[in-house]
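# Overview (structure and organization)
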Amino acid sequence: MLKHVFLTGPPGVGKTTLVQKACEALVSSGVGVEGFYTEEVREGGRRVGFDVVTVTGERGHLSRIRDVAGSSHGRREYTVGQYVVDLPSFENLALPLFRNVGSADGGGRKVFVIDEIGKMELFSQSFIRSVRQTLDSSSCTILGTIPIPKGKPLGLVEEVRGRRDVKVFMVSKENRNILLQDIIAALQNCLKQTT
């Protein structure tokens, strides 16, 4: 029985855009949407990092390029490539969203956005725990994104990919414009199961 929908595909292929479009469609059909997206931050035409943006528009740092981030004053540093991950900022914004989703006013139809379960986010053990709990909870359907396998497998990503209650869509430049209807249909199918 399908409970959750995840998109995967190469970086920059348009996963976040599809998630946002699907959410707009769901909201206009009366479905509650919560959760967060990851957005790139550009300065002077170059990418300097990523922000976490909640569905309600709150924003916080996820990561910055080393020279923009400054030194970390003796805290343990988490890095992905040239990016320094701001774990406290990410957790302060993202973790409360998970706490709220379980307790949501049992009104059933809810979609929880997790964009994305990636290397940067997976430095947070609390995030990993929260994602697992939400995957197993019956109170909401997750619409999430995961990276395509590259290098060393990421535990939680492979776990999600292998779950029988998860439908994974592979997004490519060729199919990204026609996938939206399928994604919305899959989510509505999942929502029927959760109510």
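Structure: above.
The structure presented is a predicted model; accordingly, all values stated were derived computationally and were not measured.

Let's shift gears to the layout of surface pockets. For the largest pocket, the calculated volume is near 960 Å³. Lining the largest pocket we find 34 residues, and of these Pro11, Lys15, Phe50, Glu116 and Pro147 sit closest to its centre. For the lining of the largest pocket, the secondary structure elements donating two or more residues are helix 1 (15-28), strand 2 (32-43), strand 3 (46-54), strand 8 (141-147) and helix 5 (155-162).

Turning our attention to unusual backbone geometry. A cis amide bond links Asp115 to the next residue, Glu116, at an omega of 10°. Along the chain, the position of Glu116 falls in the loop between strand 7 (110-114) and helix 4 (125-136).

Positionally, Thr145 belongs in strand 8. The exposure class assigned to Thr145 is buried, which follows from its relative accessible area of 0%. Of the polar contacts made by the side chain of Thr145, one reaches the side chain of Asp115; its length is 2.6 Å. Those residues within four positions of Thr145 in sequence are excluded, and the remaining contacts are Phe6, Leu7, Lys15, Val19, Ile114, Asp115, Glu116 and Ile117.

Between its terminal C-alpha atoms helix 1 stretches 20 Å, which fits the 20 Å expected from 14 residues at 1.5 Å a residue. Looking at helix 1, one finds that the buried residues are Lys15, Leu18, Val19, Ala22, Cys23 and Leu26. Mapping the buried residues of helix 1 onto a view down its axis gives an arc of 135°, with all of them on the same face. Turned more than 90 degrees away from the buried face of helix 1 sit Glu24 and Ser28, all of them exposed. Downstream of helix 1 by one or two residues, Gly30 has phi in the positive range, about 90°.

So, how was this worked out
- Residues numbered from 1 in each chain as written.
- Predicted model: local features only at pLDDT ≥ 70, side-chain atom pairs only at ≥ 80, totals over all residues.
- Heavy atoms only, no water.
- 1 Å grid on protein atoms, 1.4 Å probe; cavity = no way out; pocket = protein on both sides within 12 Å on 5 of 7 lines; lining within 4 Å.
- Points joined across faces, edges and corners; volume = space filled by probe spheres on them.
- Helix = DSSP H or I, 4+ residues; strand = E, 2+ residues; numbered from the N terminus.
- Buried < 20%, exposed > 50% of the residue type's maximum accessible area, 1.4 Å probe, protein only.
- Polar contact = N/O pair within 3.5 Å; in protein donor to acceptor, adjacent residues only side chain to side chain.
- Contact = heavy atoms within 4.5 Å.
- Expected span 1.5 Å × (residues − 1).
- Arc of directions from axis to C-beta.

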